[in-house]
Amino acid sequence: MYVSVHQKFWLSHGVAILWSLIAIYLSIPWVNDLNNIVTTPGAIFIIGGISYVPGYLNAFLVISLIFDRQPEFKNKWPEIPVSILIACRNEADNIANTLKYIYHQDYTVPIKVVVVDNGSTDDTVEAALRAGEELMLDLRVIHEGNPGKFNALNTGIKHVSTDFVITLDADTLLHRSAVRYLVARMESAPEQVCAVAGSVLVRNSRQNLLTRIQEWDYFLGIASIKRLQGLYQGTLVAQGAYSIYKVQAVEEVGGWPDAIGEDIVLTWKFLQKNWKVYFEPLAVAFTDVPTTLPHFIKQRSRWARGMIEALKQTKPWQQPAIFSKYLTGINLIMPYMDLTYTFSWLPGLILAFFGFYWIVGPMTLLVLPLTLISYGILYRYQKSVFNDLDLRVRKNTIGFFLFVLCYQMLMAPVSVWGYLQEAFKLQRIWK
């Protein structure tokens, strides 16, 4: 039975609202207990940020993904000329390997590569030129002295001669069919689709516990959210690490903006023009994630800050499509959830260890089975994607349970730090 995107949208909302009503009913004793400490409005504010709103969003996500059916490709072996644009700075250790994976693509048309060096102080340029010559790639190396990834990308796209360009980070390695599937999705999409985000997963997950946890975030969390957004034709970030764009569309909105989240702001500009942005789960690339806590904090706070930049430049109510209004509007309540989690749930957890169950208590454990069920649904789909690509899901049990139990404890304060950086206009840092 065919179910339209609009029907999926409203059916998923219906289930999510029903779930929320049940949750509100069951939480009445919790509200009454917390009311004695912080008043009724305070109790509803806290419980709403750590329970009602996250529960509603999670239910909407899971039901939407159950409905999701990725459209078939019109042609799995497209023959459209395409360029890959790599903006890099001090990537001498990575650039040759990245170019080697481009060389080994199963794409039947020669791929043009443009590398933009953004003021490197190491041997990035020499390493790129040497690898390009050894691999006999159609490679150009461009220099951009003005710092900032947006400057490098805007300079690079001027040297792109194809209608489509794939942006790729210098430390991101492509699955051998990555370019083919990304171009195939673009070719199969309606005319108003101007970009397709690829699926970025973790390559260095065996390095330490932090990378093991992030492997599940990329595999289950980020990929599932992008599937949700792609289903409703409004993927919110065609990430610069690995996405394909129509060159004309990028030029029409003025290129990448001067923002720490330049890819987020660019994508929202697309949506504001009533263009669509898709996500292709079969177009897989692997990247190195932060291996130290300071690097992780720097990266994820930058992402949170980029979201605030996008909200300031393009308001959700200015989006023409109802799906885009809703998806971008969710970001308006993200700071609320992160703030309540950081300043209410985490202190509540500490209090629970001393026998004060005002915010966190034994009933909290009932959330775990529901969480595991939802992640089980997401895992099943991701595993089928890996089977199609002849990949194997690596065993990472410890990382999974740490991801389920502890990851939000880390992410919420880091996101709050990103919001504060934007509020006080602290210095932007590319990496």
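Just so we're clear, the structure is a prediction, and the values are computed from it rather than from any experiment. (Residues numbered from 1 in each chain as written. Predicted model: local features only at pLDDT ≥ 70, side-chain atom pairs only at ≥ 80, totals over all residues. Heavy atoms only, no water.)

1. A few points about the packing of aromatic side chains
Note the cut-off: For this analysis, a ring pair means two rings from Phe, Tyr or Trp (six-membered ring only for Trp) whose centres lie within 6.5 Å, classed as stacked if their planes differ by under 30 degrees, edge-to-face if by over 60, and tilted for the remaining angles. Note on criteria: charge over ring means Lys NZ or Arg CZ within 6 Å of the ring centre, with the direction from the centre no more than 35 degrees off the ring normal.
Per the counting criterion, the structure on display carries 25 aromatic pairs. By way of ring pairs, the aromatic residues W216, F219, F296, Y375, Y379, F386, F400, F401, F403 and Y407 are connected into one cluster. In this arrangement the basic side chain of R180 is found over the ring face of W77, its NZ or CZ atom lying 3.8 Å from the centre. The residue whose ring lies beneath R227 is Y381, and the NZ or CZ to ring-centre distance is 3.5 Å.

2. A few points about the sheet that holds strand 3 (residues 138-143)
Rules: In this description, strands pair whenever DSSP reports at least two bridges between them. Secondary structure follows DSSP: runs of H or I at least 4 residues long count as helices, runs of E at least 2 residues long count as strands, and numbering of each begins at the N terminus. Interaxial angle, 0 to 180 degrees, is taken between N-to-C directions of lines fitted to C-alpha atoms, where a helix line uses only the stretch in contact. Throughout, a residue-residue contact means that at least one pair of heavy atoms, one from each residue, lies within 4.5 Å.
Taken in spatial order, the eight strands make up an open sheet running 3-2-1-4-7-6-8-5, and their pairing is mixed. Unpaired on one side and paired on the other, strand 3 and strand 5 (172-174) mark the two borders of the sheet. When strand polarity is set aside, the average angle formed by the axes of neighbouring strands in this sheet is 30°. By the bridge criterion, five bridges tie strand 4 (residues 164-168) to strand 7 (residues 242-246) in an arrangement that is antiparallel. Paired with T167 across the bridge in strand 7 is S243. Here helix 5 (residues 149-157) sits on the sheet in contact with strand 1 (83-88), strand 2 (112-117), strand 3 and strand 4, set at roughly 150° to strand 1.

3. Thoughts on the pairing of strand 3
Short version of the rule: For the handedness criterion, the strands are oriented away from the viewer, and a crossover whose path from the first strand over the helix to the second runs clockwise is classed as right-handed.
The pairing of strand 2 with strand 3 spans six bridges and is parallel. Bridge pairing links K112 to D138 in strand 3. Remark: the strand 2/helix 4 (residues 124-135)/strand 3 crossover connection has right-handed handedness.

4. Here we look at the nonpolar core
Here is the rule we go by: The term nonpolar core refers to a set of buried residues drawn from Ala, Val, Leu, Ile, Met, Phe, Trp, Tyr and Cys, joined through side-chain atoms within 4.5 Å. When accessible area is computed with a 1.4 Å probe and restricted to protein chains, residues below 20% of their type maximum are described as buried, those above 50% as exposed, and intermediate ones as partly exposed.
Ranked by size, the top nonpolar core spans 119 residues in total, and within it I86, L99, Y242 and F270 carry the most contacts. Excluding residues that lie within four positions of it along the chain, L99 makes contacts with I86, V113, A128, A131, G132, L135, L137 and L139. Membership of the second largest hydrophobic core comes to 14 residues, among which are A43, I50, Y341 and A352.

5. Thoughts on unusual backbone geometry
Even without being a glycine, Q233 presents a positive backbone phi close to 60°. Topologically, Q233 is positioned in the loop between helix 7 (209-231) and strand 7. At K425, a position not held by glycine, the phi torsion is positive, near 50°. Turning to its location among the elements, K425 is positioned in the segment after helix 13 (397-423). Overall, the relative accessible area of 53% leaves K425 in the exposed class.

6. Some thoughts on empty space enclosed by the protein
Where we set the bar: Here a cavity denotes grid points, spaced 1 Å and computed from the protein atoms alone, that fit a 1.4 Å probe unable to get out, and a pocket denotes an open set having protein on both sides within 12 Å along at least 5 of 7 lines; residues with an atom within 4 Å of a point are the lining. Grid points are joined across faces, edges and corners, and a volume is the space filled by probe spheres set on the points.
In the structure shown here, the tally under the stated rule is one cavity of 30 Å³ or more. Here the largest cavity is characterised by a volume of approximately 30 Å³. Going through the elements one at a time, strand 6 (193-202), strand 8 (276-287) and helix 12 (367-388) are the ones with two or more residues in the lining of the largest cavity. The element contributing the most residues to the lining of the largest cavity is helix 12, with three residues.

7. Quick word on helix 4
Operational definition: Multiplying one less than the number of residues by 1.5 Å gives the expected span of a helix.
With 12 residues, helix 4 ought to run about 16 Å at 1.5 Å a step, and its terminal C-alpha atoms sit 16 Å apart, in line with that. Looking at the buried side of helix 4, the elements it contacts are strand 1, helix 3 (95-103), strand 2 and strand 3.

8. Quick notes on the pairing of strand 1
Strand 1 sits mainly inside the fold: six of its six residues count as buried. By the alternation rule, side chains of strand 1 split into S83, L85 and A87 and I84, I86 and C88, which are all buried. One ladder, built from six bridges, connects strand 1 with strand 2; its direction is parallel. Its bridge partner lying in strand 2, L85 is registered against V114. Of the crossover connections in this fold, the one passing from strand 1 over helix 3 to the parallel strand 2 is right-handed. Of the strand pairs in this sheet, strand 1 and strand 4 are connected by three bridges, and their pairing is parallel. Among the inter-strand pairings, I84 is bridged to a residue of strand 4, identified as I166.

9. Section: the pattern of salt bridges
Put simply, the rule is: What counts as a salt bridge is simple: a side-chain nitrogen of Lys or Arg found within 4 Å of a carboxyl oxygen of Asp or Glu.
Tallying each qualifying case throughout the model produces 15 salt bridges. The salt bridge involving K273 is made with E252; its shortest N-O contact spans 4.0 Å. A residue pair is termed long-range when its members are at least 10 positions apart, and K273 in the loop between helix 9 (262-272) and strand 8 and E252 in helix 8 (residues 247-252) qualify at 21 residues. In this structure, the salt-bridge partner of K425 is E422, at a minimum N-O distance of 2.7 Å. Three or more residues joined by partner-sharing salt bridges are found here, namely R305, K312, E422 and K425.

10. Examining the packing of helix 2 (residues 28-67) against helix 7
Applied cut-off: Under this scheme an angle from 65 to 115 degrees is roughly perpendicular, one under 35 degrees roughly parallel, and one over 145 degrees roughly antiparallel; angles in between are oblique. Working rule for handedness: look at the near helix, and if it is turned counterclockwise from the far one by less than a right angle, call the crossing left-handed; if clockwise, right-handed. Polar here means any residue other than Ala, Val, Leu, Ile, Met, Phe, Trp, Tyr, Cys and Pro, which are nonpolar, and Asp, Glu, Lys and Arg, which are charged; Gly is therefore polar.
Where helix 2 contacts helix 7, the axes come no closer than 10 Å and their chain directions differ by 65°. Considering the angle they form, helix 2 stands roughly perpendicular to helix 7. The handedness of the crossing between helix 2 and helix 7 comes out as left-handed. Residues F60, L61, S64 and L65 of helix 2 form the contact with helix 7, whose own contacting residues are S224, I225, R227, L228 and L231. Split by residue class, the contact of helix 2 with helix 7 holds six nonpolar, two polar and one charged.

No statement about biological role is implied by the geometric values presented.
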